[in-house]
Structure formats: C-alpha cells, structure tokens
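Each chain, written out:
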Amino acid sequence: MIKFIRIDYRLLHGQIVVSWLNRYSIDRIIIIDDKAGSSKTEKSILKLAKPSGTKLNIFTVKDALARKIKISQLKDNTAIIFGNTQSCLEFLREFNSNIHEVNYGAIPKVNDSKEFDKALFLTEKDIENSKELINLGYKLYSQQTPSNSSIDLNKII
C-alpha cells in the first residue's frame, strides 16, 4: 500500500531514511527517476543508502508505468520518491494511487526558479507540472521532516 509520495532531487538520503520512513513504517521504497533508473552506478549508490530490511526498487518512469498495476497492489508499506516534478506528473497522471498527497522535499535553486520554502525552488515548468497535479486532485505540501511545519502548496502555486 502506498503510504508516502515525495519529490526530492536527492532521492534517498538521511532525512528520508531517518524521518519519513520511520513515520510511515515503510517496508519498500520505489524510486522513479529516469537518470537513476537507467544507471547501474546510481542504482548501486542508492542501494547503499537504503535501510537494512527495506526493499528498494529503482525505475525509469517508463518502467514504473509498465508496472503500475503491480505497484498499486503492493501489500508492503511503500514510499514512492521522484527526482523531479516532471517524473512525478508523468507517473501519477496514469497511476491510481490510494493517497492523494505529494510531499515536496528538496528541489534545487536554478536560474529563474522561485523560492517556495527553504529547500524548494520551482521553475515555471515545475509550477505548471504542480498545477496539473493539483488539477488531478493531489494535495501538494512542502515539509522537510515530520517535525517541521508544512506549507500548503495548493494555496500558493
């Protein structure tokens, strides 16, 4: 069962492992990112970061969509992590999720991006993608860790 969906360009790191996975008692992590999903080196590095006893799958968006029915039927408490808003939108546009919230973690500052939170900078394309996620019925919020306050992005995007 999907328990948590997050966008974070760092994919799998300390904040996620220590805070979010414990909060939702996550047994399986699914990373959906074209760069990581198509690189043996990236996959090897991410496997080193996963907690012991936790299952990890790393897919490109295309590969994840090919497995969307299987993913939706998982019995494990599952977190899905995307590297960017585009991957998230492409997957969720075709995925029937049991939860309708997306946590925005870190999206790095680039030229012409707008700051929405301490580690959250969105380009015009990210904002367009986010608006489409909102139109699909998703609540978007920024929250770095469970102990931080959250920002309702639906109200400010």
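The numbers attached to residues start from 1 for each chain and follow its sequence in the written order. Thresholds applied to this predicted model are a pLDDT of at least 70 for local features of residues and 80 or more for the giving and counting of side-chain atom pairs; totals over whole chains, interfaces and linings are not thresholded and use all residues. The side-chain figures draw on all heavy atoms in the structure; neither hydrogens nor water molecules are used.

The name given to the protein in an unreviewed UniProt entry is PTS EIIB type-4 domain-containing protein, with the source organism recorded as Helcococcus kunzii ATCC 51366. UniProt positions are given in the numbering used here, feature names are shortened, and annotations may be inferred rather than shown by experiment. In its Subcellular location (unreviewed entry) section, the UniProt entry covering the protein states "Cytoplasm".

So, about the UniProt feature "domain: PTS EIIB type-4" (unreviewed entry) in the protein. Residues annotated in UniProt with the feature "domain: PTS EIIB type-4" (unreviewed entry) correspond here to residues 1–157. A helix here means a DSSP run of H or I that spans at least four residues, while a strand means a run of E at least two residues long, and both kinds are numbered starting from the N terminus. The distance from the first to the last C-alpha atom of residues 1–157 is 29 Å, and the span holds 35% helix and 24% strand.

Next up on the list: the pairing of strand β2 (residues 28–32). Each regular strand shows side chains that alternate between the opposite faces of the sheet. For each residue, the accessible area found with a 1.4 Å probe, counting protein chains only, is set against the maximum for its type, and the residue is called buried under 20%, exposed over 50%, and partly exposed in between. Across the five residues of β2, five count as buried, placing the element largely inside the fold. In this description, strands pair whenever DSSP reports at least two bridges between them. Here β2 pairs with strand β4 (residues 78–82) via five bridges, running parallel. Bridge pairing in β4 links Ile30 to Ile80.

Of note, Thr123 is situated in the loop between β7 (120–122) and α7 (124–135). Separated by ten residues in sequence, Thr123 and Ser113 place their C-alpha atoms 4.2 Å apart. Should any heavy atoms of two residues lie within 4.5 Å, those residues are considered in contact. Beyond its immediate chain neighbours, meaning those up to four positions away, Thr123 contacts Val110, Asp112 and Ser113.

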